Amino acid sequence: MNVNELETPSILIDLDIMSRNIAAMQERCDALGLAFRPHIKTHKIPAIARLQLAAGAAGIACQKVSEAEIFAADGFDDIQIPYNIIGEKKTARLMDLAIYNRISVSADSQTTVDGLSAAAKKAGVPLRVLVELESDQHRAGAPVARAVALAEAIAGDENLHFAGLLIYPSDASIRPTLLEAIALIDEKGIGIDVISGGGTGAALHAHEVPELTELRVGTYVFNDWTTVKRGWNTLENCAMTVMTTVVSRPTEDRAILDSGSKTLSGDSYEGEYGYIIEYPDARIYRLNEEHGYVDLSACANRPKVGEIVHVIPVHTCVVTNLHERLYGVRGGEIEVEWPVAARGKVW
Ligand SMILES: Cc1ncc(COP(=O)(O)O)c(C=O)c1O
């Protein structure tokens with residue numbers, strides 16, 4: 001089927017660009033001697049993860065247990081969940097996966113560790129636990145002293161296995177913290193199997209953190225307007241576009257797209273909600289649920305009502321999660337239609 005036969009809005013993936021992105025990140029990790037663990041939260045599609053494994057990835061990362069359940073059911077058996085899994089129901093589901101698969105998970109508090117230990121004990125299967133170190137992002141993650149105490153607690157727990165350290169994003173600035181944590185854990189005679197870093201931007205600096213043994217990267221597979229604006233790659237590396245129709249031209253300077261926040265997501269970068277390939281000087285400056293507002297005042301050429309345009313979204317991972325399917329396109333033809341299998345799997 002020709003891509004122009006699709007209704008809008010539709011989410012297109014340029015297969016040549018995606019393949020190049022997959023190969024380039026794998027080559028980068030291979031050259032640095034790093035195990036590569038693609039984070040599937042960007043595509044949520046087992047068939048794409050299979051392409052990443054075929055290129056040489058060691059396993060996958062999923063952000064939530066429900067995502068991991070989808071991928072485990074599809075045959076993926078080495079899954080890391082870099083997240084604090086809290087609550088008996090969730091830890092029991094995690095252990096159901098850990099009985100049959102190589103599962104690892106992260107923790108940044110004793111409360112998380114205690115819950116994992118109790119679940120592992122109940123299941124009768126040891127669980128691999130990484131300690132998340134705090135990064136410059138100041139999201140989850142323990143400061144060094146707590147991370148070392150957690151490593152000791154995990155290593156001393158007969159239900160758990162201390163699998164190493166995890167950082168997100170693993171920018172070069174985290175190296176002093178990482179070195180301090182490694183030295184203190186070493187002093188206690190505790191072995192560190194894995195030092196897992198991550199992030200599409202951080203991947204560019206992975207050689208500056210030679211202690212890393214593994215990289216988790218997600219967004220690189222499609223890339224988006226944010227990764228371009230941050231200078232991590234260029235428009236030529238953006239595989240995902242939102243094919244959308246101009247449904248109104250209320251004024252000379254304004255166009256309205258049939259893509260709003262339910263299509264493009266509410267994420268913005270410096271006040272913009274995407275980049276229109278055909279009209280580089282246009283600005284998507286506001287979204288309602290089903291309306292995208294475009295400022296055309298800087299454009300020499302302007303679109304007509306009914307014209308189809310292609311938008312590079314601000315944040316590809318959230319766009320994936322909003323849609324039932326993605327269309328893989330090559331040479332203007334739809335080569336594959338993927339259901340987004342782990343769409344909405346956030347629990
Ligand atoms: C814990 C963790 N690891 C890895 C990634 C992958 O980062 P990116 O999508 O920038 O490649 C993310 C992204 O949110 C993350 O939260």
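Residues numbered from 1 in each chain as written. Predicted model: local features only at pLDDT ≥ 70, side-chain atom pairs only at ≥ 80, totals over all residues. Heavy atoms only, no water.

The subject of this paragraph is the overall build of the protein chain. Across its full length, the protein chain holds 11 helices and 17 strands. Relative to a compact globule of 347 residues, whose C-alpha radius of gyration would be 20 Å, the protein chain shows 22 Å and is just as compact. Along the three orthogonal principal directions, the C-alpha set of the protein chain runs to about 70 × 40 × 35 Å. Partitioning the contacts of the protein chain with sequence separation of at least 6, the portion at a separation of at least 24 is 67%. Looking at the protein chain as shown, the accessible area adds up to about 14,600 Å², and 49% of this sits on carbon and sulfur atoms. Charged side chains of the protein chain number 32 positive and 47 negative; the gap between the two group centres comes to 4 Å. (Helix = DSSP H or I, 4+ residues; strand = E, 2+ residues; numbered from the N terminus. Rg over C-alpha atoms; globule rule 2.2 N^0.38 Å. Contact = heavy atoms within 4.5 Å. Areas by Shrake-Rupley, 256 points an atom, 1.4 Å probe, with all protein chains shown as cover. Lys, Arg positive; Asp, Glu negative; His and termini not counted. Charge placed at Lys NZ, Arg CZ, Asp CG, Glu CD.)

On to the environment of A31, then. In this fold, A31 is placed in helix α1 (residues 15-32). Counting along the chain gives 176 residues from A31 to H207, while the straight-line C-alpha distance between them is 9.7 Å.

Before going further, it helps to examine the pairing of strand β17 (residues 333-339). Pairing analysis gives 6 bridges linking strand β16 (residues 325-330) to β17, with the strands arranged antiparallel. Each bridged residue has a counterpart across the sheet, and for R330 the counterpart in β17 is E333. Where β16 folds back onto β17 in an antiparallel hairpin, the turn is made up of 2 residues, including G331, whose phi is positive at roughly 55 degrees. (Pairing = 2+ DSSP bridges.)

Take the site of the ligand next. For the ligand, the full set of nearby residues is H39, K41, Q63, P82, R139, Y168, G199, T200, R216, V217, G218 and T219. For the ligand, an oxygen atom lies 3.0 Å from a polar atom in the side chain of Q63. Within the side chain of R139, one N or O atom sits 2.8 Å away from an oxygen atom of the ligand. Taken by itself the ligand offers 390 Å² of open surface, and the protein chains cover 93% of this. (Near = heavy atom within 4 Å. Polar contact = N/O pair within 3.5 Å; in protein donor to acceptor, adjacent residues only side chain to side chain.)

One pass over the structure, following the stated rule, counts 17 salt bridges. Linking E67 and K44 is a salt bridge whose minimum nitrogen-to-oxygen distance equals 2.8 Å. With E67 in helix α3 (residues 65-73) and K44 in the loop between β2 (35-38) and α2 (46-54), the pair connects residues that are 23 residues apart, well separated along the chain. Residue E67 shares its accessibility class with K44, and that shared class is buried. Of the charged contacts in the structure, one is a salt bridge between R330 and E335, with a shortest N-O distance of 2.8 Å. It is possible to trace a salt-bridge network through shared partners that takes in R37, D78, R102 and E214. (Salt bridge = Lys/Arg side-chain N within 4 Å of Asp/Glu carboxyl O. Buried < 20%, exposed > 50% of the residue type's maximum accessible area, 1.4 Å probe, protein only.)

Before going further, it helps to spend a moment on α2. Inspection of α2 places P46, I48, A49 and Q52 among the buried residues, and these make up the whole buried set. Along the axis of α2, the buried residues cluster in a sector spanning 160 degrees; they form a single face. With its phi angle positive at about 130 degrees, G56 sits one or two positions after the end of α2. (Arc of directions from axis to C-beta.)

What follows concerns the side chain of D258. Here D258 is to be found in the loop between β11 (254-257) and α10 (261-264). One buried charged side chain, D258, makes no salt bridge at all; its nearest oppositely charged neighbour is R249, positioned 14 Å away. At a separation of 2.5 Å, a polar atom in the side chain of D258 contacts the side chain of T8. Setting aside residues up to four positions removed in sequence, D258 forms contacts with T8, P9, T244, T245, V247, T263 and E290.

Partitioning the protein chain into structural domains gives domain 1 (3-10 + 226-339) and domain 2 (16-221). A C-alpha centroid distance of 33 Å is found between domain 1 and domain 2. Each partner contributes to the interface: domain 1 provides 15 residues, whereas domain 2 provides 17 residues. Contact between domain 1 and domain 2 buries roughly 1,300 Å² in total, counting both sides, with carbon and sulfur atoms accounting for 64%. Per-residue buried area on domain 1 facing domain 2 is highest for W232, C317 and W338; these three make up 37% of the total on that side. At the junction of domain 1 and domain 2, the tally comes to 1 salt bridge. Among the ionic pairs, R330 bridges to D16, the shortest N-O distance being 2.6 Å. (Domains from an automatic or database assignment. Buried area = accessible area lost by both parts, 1.4 Å probe.)

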